[in-house]
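Listed below are the residues making up each chain.
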Amino acid sequence: MTDFVHPALLFILGAPLIPLLKGTIRKAYVLLIPLLAILAVLTMQPGSYGAAQFIGQEILIAKVDKLSIVFATVFTIMALIGMVYALHLTRAGQHVAAFVYVGSALGVVFAGDYLTLFLFWEGMAFASAYLVFAQRGEQAIRAGFRYLMVHITGGVVLLGGIMLHAVATGSLLFGPIEGEMGVAAYLILAGFILNAAVPPLNAWLTDAYPEATVTGAVFMSAFTTKTAVYVLARAFPGTELLVWLGTVMALYGVIYAVLENDCRRLLAYHIVSQVGYMVVGIGIGTEMAVNGATSHAFAHILYKGLLFMGAGAVIHVTGRRKLTELGGLYRTMPVTVALYMVGAFAISAFPFFSGFVTKSMVVAAAEQDHRALVVLALTMASSGTFLHTGLKLPYYMFFGVDRGLEAREPPRNMLVAMAMAAVLCIAIGVFPQPLYALLPHPVDFEPYTGVHVTESLGVLMFTALGFVVFLRALDPENTISIDTDWFYRKGARYFMWLAEKPLARYEKAVSDVSETVALPFLHGTARAGLQIDLNGVDAAVNGVARSILRGGGALRRLQTGVVTHYALAMIVGVIAATLVFAVAWR
Amino acid sequence: MIKRIVDFFGDEKYVNQRRRLFYLVLVVVVVADFLVHREHAQYLWDRLPGWSAAYGFGSCVLLIFVSKFLGHQGGLMRREDYYD
């Protein structure tokens, strides 16, 4: 057996076959491929594969090391869970898009050079956009185009950075960016943090994810931001800027989540917040911090997938997505509630759930690095995470006011997928060692200390107290929140308005001025010109003509017809010309 | 079993039991925080038992009111047809 089967190839080459298969065979096939991919990841050996030359540059299709294996492991597991969740779909389109999307994400994770990385990077953007378009509503299609527009812009920025980097270093190989941060490094960083949804480049995520299909959003929640975390961990560990961006990000998502009424948009804001922890970890850059970021990405993909599946199940069953329209579903959907809550406890970092053993590693790394402010900010974000995902969302979605909605448990495949993710969330929380063993650096961290458990529970339970006390203040409101997408949604409109109204008015004013002032002036000057022409110029011309006529008569008398006179006149002329040249010209 | 647990958190008739359980948990958490062994306290607040409870409550309240303030007074929250 070979050492390495590229799991991206399994998905991407496997995708075109899906529409050709029918019924049970198709279902078996879309599960078989992720299973094979998991197997491929588990059996692969670290090393470099697929080295080649392309336009005189070294290309490395796959570079396998511990960091890429962690991400590939969770990506393939999530692909399997996501496919189980989407198994009831009858159309092949979304399956194909999901396959290409997962394959591209895996392609990025193994990319050994920037060119390969960029190709898969763009593949991810296009494949995932389909998952938004597949929702088909007008709102979704608009959001899909905005999503594509932002990602294509980000891709161009990234490509620009890659080109400058290649010119400067002479190599396209993908690795830590060393030395001073130049323009190239900043452009690459900008491309990466756009996909990581770092504010102010976060709005594409919270704009598009809630508009995607129920099953598509589950995939989207897992891959784009986490490949960005991976590339950041690969290229920019220890970049101070990322610590602060990540800290802001963790709180930014939480603050917006308070205002949000759309259940999946609230969860999307918590992706921003959670990815903030990972970005902080990468920014700190110590072994423990990078381990923390990596393990948190691993745990995050599973619990966030689970939360999106839970909210998706509610949307699938009720057709509603706004918290102001939901409530009282716990009677009819108890299993969904229970599974959702496992995800909620995991993201909130309750002991014995996955978030507890991963998030704490990032916070501990910040503590070890003497960053008190970061520690406090991240702890506050943890409180906010439980407040929304663990309390507000389930309260208003499943409990709260009973809206008398007709509901039932979702299709069994959805419940099975949620159960798979839930089992992993608990398993990682209870037995963190297998995950720790996967991490890129050796782990010297024990999450289950007495202090850590009581402190976490203190923060969480008293957040719950705050929730109970101020419940009324949290009631969802029928509004949307302005985020940085304002600039291309409203701002673009203002630009168009500017083009249509003031500019058009300016243009009209200019033409008015020319009609009322300039044209009469021109007419007047034209008439004056005519007068001058007739009286002055013509008279002068006529006078000149008359004198020439007279001169001609006089000259006629000079025409003697004698050759010697002419020759004499010519010689006189030549001498005169020579004299003029000699005296005047010099 | 799952249904019974979920019902416990939802049904009106368990409201008193829920409340008592909740207060019990709060007390246990704070008491445990006083009893737990603290090895290396790096920051001042690490040495304060009950700090995390106070910080958790404070964070929660702060987040709710700062966000709502930004939403209402800061103009972040708009009508749903704002972009239409």
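Residues numbered from 1 in each chain as written. Chains lettered and ligands numbered in written order. Predicted model: local features only at pLDDT ≥ 70, side-chain atom pairs only at ≥ 80, totals over all residues.

Enquirer: Quick one: what's the story with the overall build of chain A, residue by residue and with numbers?
Expert: Along chain A, the regular secondary structure elements total 22 helices and 3 strands. Relative to the 2.2 N^0.38 estimate, which gives 25 Å for 586 residues, the radius of gyration of chain A is 37 Å and therefore markedly larger than a compact globule would have. Expressed along its principal axes, the backbone C-alpha trace of chain A runs to roughly 130 × 60 × 55 Å. Counting only residues that meet the buried cut, chain A has 52% of its 586 residues in that class. Partitioning the intrachain contacts of chain A with sequence separation of at least 6 by distance along the chain shows that 81% fall at a separation of at least 24. (Helix = DSSP H or I, 4+ residues; strand = E, 2+ residues; numbered from the N terminus. Rg over C-alpha atoms; globule rule 2.2 N^0.38 Å. Buried ≥ 20, exposed ≤ 12 C-beta atoms within 10 Å, placed from the backbone. Contact = placed C-beta atoms within 7 Å.)

Enquirer: Tell me about the overall build of chain B, and please be specific about residues and values.
Expert: Per the secondary structure count, chain B includes 3 helices and 1 strand. When the elements of chain B are put in sequence order from the N terminus, they spell out α-α-α-β. A compact globule built from 84 residues should have a C-alpha radius of gyration of about 12 Å, whereas chain B, at 20 Å, is more than 25% larger. Based on the C-alpha atoms only, the size of chain B along its principal axes is roughly 60 × 45 × 20 Å. Considering chain B as a whole, with its 84 residues, one finds that 23% of them fall into the buried category.

Enquirer: Report on the nonpolar core, specifying residues and quantitative values.
Expert: A general trend in soluble globular proteins is that nonpolar side chains are found buried together. Formed by 211 residues in total, the largest nonpolar core has its most connected members in Phe75, Leu232, Val279, Leu306, Ala421 and Cys425 of chain A. Excluding residues within four positions of it along the chain, Cys425 of chain A makes contact with Leu302, Tyr303, Leu306, Val342, Gly343, Ala346, Phe353 and Ser354 of chain A. (Core = buried A, V, L, I, M, F, W, Y, C linked by C-beta atoms within 7 Å.)

Enquirer: Talk me through the packing of helix α7 (residues 183-195) of chain A against helix α9 (residues 214-235) of chain A; I want residue IDs and the actual numbers.
Expert: Axis angle and axis distance: for two packed helices, these are the angle between their axes and the distance between the axes, and together they describe the pair. All names here are of chain A. Viewed as axis vectors pointing N to C, α7 and α9 meet at an angle of 145°, and their least axial separation amounts to 7 Å. Our pair here, α7 against α9, has a crossing hand that is left-handed. Residues Ile188, Phe192 and Asn195 of α7 touch α9, and the partners they reach there are Thr224, Thr225, Thr227, Ala228, Val231, Leu232 and Ala235. Split by residue class, the contact of α7 with α9 holds 6 nonpolar, 4 polar and no charged. (Axes fitted to C-alpha atoms, helices over the stretch in contact; angles between N-to-C directions. Left-handed = near helix turned anticlockwise from the far one by under 90°. Nonpolar A, V, L, I, M, F, W, Y, C, P; charged D, E, K, R; others polar.)

Enquirer: Got a sec to walk through the pairing of strand β1 (residues 47-54) of chain A? Specific residues and values, please.
Expert: Residues and elements named next belong to chain A. The buried fraction of β1 is low, at 0 of 8 residues. Looking at chain direction, β1 and strand β2 (residues 57-64) are connected through 7 bridges and run antiparallel. Pairing of Tyr49 across the sheet is with Ala62, part of β2. Where β1 folds back onto β2 in an antiparallel hairpin, the turn is made up of 2 residues, including Ile55, whose phi is positive at roughly 35°. (Pairing = 2+ DSSP bridges.)

Enquirer: So, the interface of chain A and chain B: which residues are in play, and what are the values?
Expert: Between chain A and chain B, the residue contacts involve 43 residues of the former and 38 residues of the latter. When residues of the side of chain A that touches chain B are traced back to their parent elements, those giving at least two are α10 (240-259), α13 (334-347), α15 (372-398), α18 (450-469) and β3 (479-481) of chain A. Looking at the side of chain A that touches chain B element by element, the count peaks at 14 residues for α18 of chain A. Split by residue class, the side of chain A that touches chain B holds 26 nonpolar, 11 polar and 6 charged. Strand direction decides the pairing type here: β3 of chain A and strand β1 (residues 77-79) of chain B, joined by 3 bridges, are antiparallel. Directly across from Ser481 of chain A, in β1 of chain B, lies its bridge partner Met77 of chain B.

Enquirer: With reference to specific residues and values, describe the confidence of the model for chain A.
Expert: Of all residues in chain A, 98% have pLDDT values of 70 or greater, and the mean over the chain is 91. Mean pLDDT across the elements of chain A bottoms out in helix α22 (residues 563-585) of chain A (76) and peaks in helix α16 (residues 412-430) of chain A (97). (pLDDT = per-residue confidence, 0-100.)

Enquirer: Describe α9 of chain A, and please don't skip the residues or the numbers.
Expert: The terminal C-alpha atoms of α9 of chain A lie 33 Å apart, and with 22 residues this matches the ideal 32 Å at 1.5 Å per residue to within 8%. With 22 of 22 residues buried, α9 of chain A is to be regarded as a mostly interior element. (Expected span 1.5 Å × (residues − 1).)

Enquirer: I'd like a description of the confidence of the model for chain B, backed by residues and values.
Expert: Model confidence for chain B is summarised by a mean pLDDT of 89, while 99% of its residues fall at 70 or above. We note a pTM of 0.86 for the whole complex and an ipTM of 0.94 for its interfaces.

Enquirer: Account for unusual backbone geometry, naming residues and giving values.
Expert: Leaving glycine out, the prevailing phi sign among residues is negative, and the prevailing peptide bond configuration is trans. Residue and element names in this part refer to chain A. In this chain, Pro199 is followed by Pro200 through a cis amide linkage whose omega measures 5°. Note on placement: Pro200 falls in the loop between α7 and α8 (203-208). Backbone geometry at Arg136 places phi at a positive 75°, although glycine is not the residue there. Within the secondary structure layout, Arg136 lies in the loop between α5 (114-133) and α6 (138-169). One non-glycine residue, Ala197, adopts positive backbone phi at about 60°.

Enquirer: Please provide a residue-by-residue account of the environment of Gln94 of chain A, values included.
Expert: As for its placement among the helices and strands, Gln94 of chain A is situated in helix α4 (residues 93-110). Gln94 of chain A has contacts with Ala86, Leu89, Leu131, Ala134, Thr213, Thr215 and Gly216 of chain A, leaving out every residue within four places of it along the chain.

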